[in-house]
Structure formats: C-alpha cells, structure tokens
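Working through the structure, step by step
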Amino acid sequence: MGPVRLEAITWERLGDQLADRLLDLKPDDGSPWPRVAFDGAPAARPGDLAHRVSEALRIRGRSSLVVGAEGFLRPASLRFEYGHRDVEAYYDGWLDTGALWREVFGPLEPGGDGRVLPDLWDPATDRATRSPYAQLPPSGVLLMHGPLLLRHWFPFDLSVHLLLSPGALRRRTPEAEHWTLPAFERYETEVDPAATADVLVRADDPRHPAWKPLFT
C-alpha cells in the first residue's frame with residue numbers, strides 16, 4: 001500500500017461517524033441486515049470500536065448485535081493439533097468458519113429469519129457457551145470483530161480495518177503471543193487489508209487514532 005493521508009480523530013467521533021454512515025448502509029444482496037467487519041489484531045482492540053459503534057447506533061434508535069470471532073474458535077483439540085504455537089494453524093484453522101456461516105451469516109441472508117447465535121465456544125473453558133439466540137430485527141446491524149476476518153469470503157457490506165505498525169503490534173501484543181505475529185505479516189502480504197477495507201483506522205496510539213474514511 002502506498003502513502004495514505006490520514007486524519008486525526010477521537011474514538012468518540014469515530015464511533016459517531018461510523019454509526020451515522022451505517023444508518024444509510026444498504027446491503028447489495030437485498031438482505032435487510034447490514035453486516036459490518038471490524039478487522040484487526042487483538043492488540044488493536046477491534047472489539048472496543050465495535051461496541052462503541054453499537055452504543056452510538058443505540059442512541060440513534062438502530063438495533064445492532066456485536067459478535068466476536070473469538071466466540072467461534074474451534075475446540076482446543078483442533079486448534080492445537082499441530083502444537084500450541086503453530087502459525088499455519090492459527091492462520092488457517094483456528095476460526096470455525098462453518099459455524100459462522102451456519103449460525104451468523106446464514107440467518108442474515110435474504111429470506112433469513114435474523115435469529116443469530118452470538119457465540120458458540122468459550123476458548124478459555126474449551127466448552128460450548130450455550131448462549132441463547134439473539135433476534136436481530138430488520139435493519140438491525142451485525143457488528144463482527146476479530147483478527148484476519150477479511151481473508152474469508154464473509155458477506156460484509158462494510159469493512160473497517162484497524163492497522164498497527166509492526167513495531168506497535170509487537171509492543172502491544174503480550175510476549176506469550178508473539179508467536180502469532182508472522183500470521184499478521186502473512187495477512188498483510190496476501191490480503192493487504194489496509195487497501196481492501198472500506199475504512200482504515202491507524203491505531204498505533206490507543207488514545208488518538210487516525211483514519212482514512214474510504215467510503216463515500
């Protein structure tokens with residue numbers, strides 16, 4: 001990706017401006033439920049922005065549902081089949097994409113019932129969460145957050161990528177998780193999320209983000 005001019009903004013204003021944009025978002029496939037990605041490494045905290053936008057939507061009278069990809073990881077026996085620090089498995093095999101299609105994206109397709117499972121598996125206990133289904137009303141917005149989301153063919157109607165420089169990513173990633181960093185290097189090379197996302201947010205400074213509103 002070449003040089004991009006970014007504008008300084010506060011997290012509060014960013015959440016408000018994204019919420020305002022989502023009020024007019026119409027899915028191209030005719031679904032009544034807009035689907036939005038907040039893509040970023042765990043160190044970038046994409047879930048924080050997703051929840052901020054959800055609150056801004058609530059104030060504007062629009063329903064939303066925040067879904068974290070970490071609630072759809074595969075069981076430990078599958079994630080760690082090739083060891084606890086296998087980068088290829090982390091990149092290709094940790095996320096249960098089949099469950100996401102079945103429990104989240106499928107119900108939000110045109111003709112779906114809007115009945116979404118907010119999470120399926122707790123990676124800390126390695127057990128099913130048994131969470132109840134959530135009913136997303138027509139025009140309600142799905143706000144999904146997590147890492148490496150844009151490498152899958154999920155039907156997002158708008159994508160936000162939270163970018164960290166390599167140095168910031170290393171500093172803000174716990175040392176015990178540094179083994180995952182090559183996966184994000186591969187993601188940058190193969191997917192180039194900073195160029196493919198609709199909205200780019202540089203999150204090196206957790207207090208003062210900068211962004212490029214790529215949507216019109």
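Up top is the structure.
Computed from a prediction, not measured in an experiment: that's the story for all the values here. Counting from 1, residues in each chain are numbered in the order their sequence is written. Local features in this predicted model are restricted to residues whose pLDDT is 70 or higher, and side-chain atom pairs enter the listing and the counts only when it is 80 or higher, whereas totals over whole chains, interfaces and linings include all residues. Side-chain metrics in this entry use all non-hydrogen atoms of the structure; hydrogen atoms and water are not considered.

1. Some thoughts on the pairing of strand β10 (residues 199-202)
For two strands to be treated as a pair, DSSP must find no fewer than two bridges joining them. To qualify as a helix, a DSSP run of H or I must reach at least 4 residues; to qualify as a strand, a run of E must reach at least 2; elements of each kind are numbered from the N terminus. When strand β9 (residues 158-163) meets β10, the two strands line up parallel, connected through four bridges. Bridge pairing in β10 places Val 160 opposite Val 199. As paired elements, β10 and strand β11 (residues 210-213) share four bridges and run antiparallel to each other. Bridging from a neighbouring strand, Val 199 pairs with Pro 213 of β11.

2. Some remarks on the pattern of salt bridges
A side-chain nitrogen of Lys or Arg and a carboxyl oxygen of Asp or Glu constitute a salt bridge if their distance falls within 4 Å. Under the counting rule described, the total for this entry stands at 14 salt bridges. One salt bridge connects Arg 45 with Asp 48, and the closest N-O pair in it is separated by 2.6 Å. Note on exposure labels: buried denotes an accessible area under 20% of the residue type's maximum, exposed denotes more than 50%, and partly exposed covers the range between, all computed with a 1.4 Å probe on protein chains only. You can call Asp 48 partly exposed: its relative accessible area is 43%. Where Arg 186 meets Glu 88, a salt bridge forms, and the shortest distance between an N and an O atom there is 2.8 Å. With Arg 186 in helix α7 (residues 181-190) and Glu 88 in helix α4 (residues 87-92), the pair connects residues that are 98 residues apart, well separated along the chain. Relative accessible area serves as the criterion here: at 45%, Glu 88 is assigned to the partly exposed category.

3. Section: the pairing of strand β3 (residues 64-68)
Among the five residues in β3, four count as buried, and that is most of the element. As judged from the five bridges shared by β3 and strand β8 (residues 141-146), these two strands associate in the parallel manner. Across the sheet, the residue bridging to Val 66 is Leu 143, located in β8.

4. Observations concerning the environment of Gly 106
Note on placement: Gly 106 falls in the loop between α5 (97-105) and β4 (115-116). Along the backbone, Gly 106 and Pro 206 are 100 residues apart, and their C-alpha atoms lie at a distance of 34 Å.

5. Notes on the sheet that holds β8
Reading across the sheet, the seven strands line up as β1-β11-β10-β9-β2-β8-β3 and stay open at both edges, with mixed pairing between neighbours. Each edge of the sheet is formed by a strand with only one pairing partner; in this case those strands are β1 (7-8) and β3.

6. A short note on the packing of aromatic side chains
Any two of the Phe, Tyr and Trp rings considered here, Trp counted by its six-membered ring, make a pair once their centres fall within 6.5 Å; the pair's planes then place it as stacked at under 30 degrees, edge-to-face at over 60, or tilted in between. Applying the stated criterion to the full structure yields 10 aromatic pairs. Plain terms: the ring middles of Tyr 90 and Phe 184 are 6.1 Å apart, the flat faces sit at 65° to each other, and that makes the pair edge-to-face. Of this pair, Tyr 90 sits in helix α4 while Phe 184 sits in helix α7, placing them 94 residues apart in sequence. Tyr 90 sits in the buried class, given a relative accessible area of 11%. Residue classification places Phe 184 among the buried positions, given a relative accessible area of 8%. On the numbers, 5.6 Å between centres and 50° between planes, the contact of Trp 101 with Phe 105 is tilted. Here Trp 101 pairs with Phe 105, and both are found in helix α5, just four residues apart, close to one helical turn. Note on Phe 105: relative accessible area 0%, which makes it buried.

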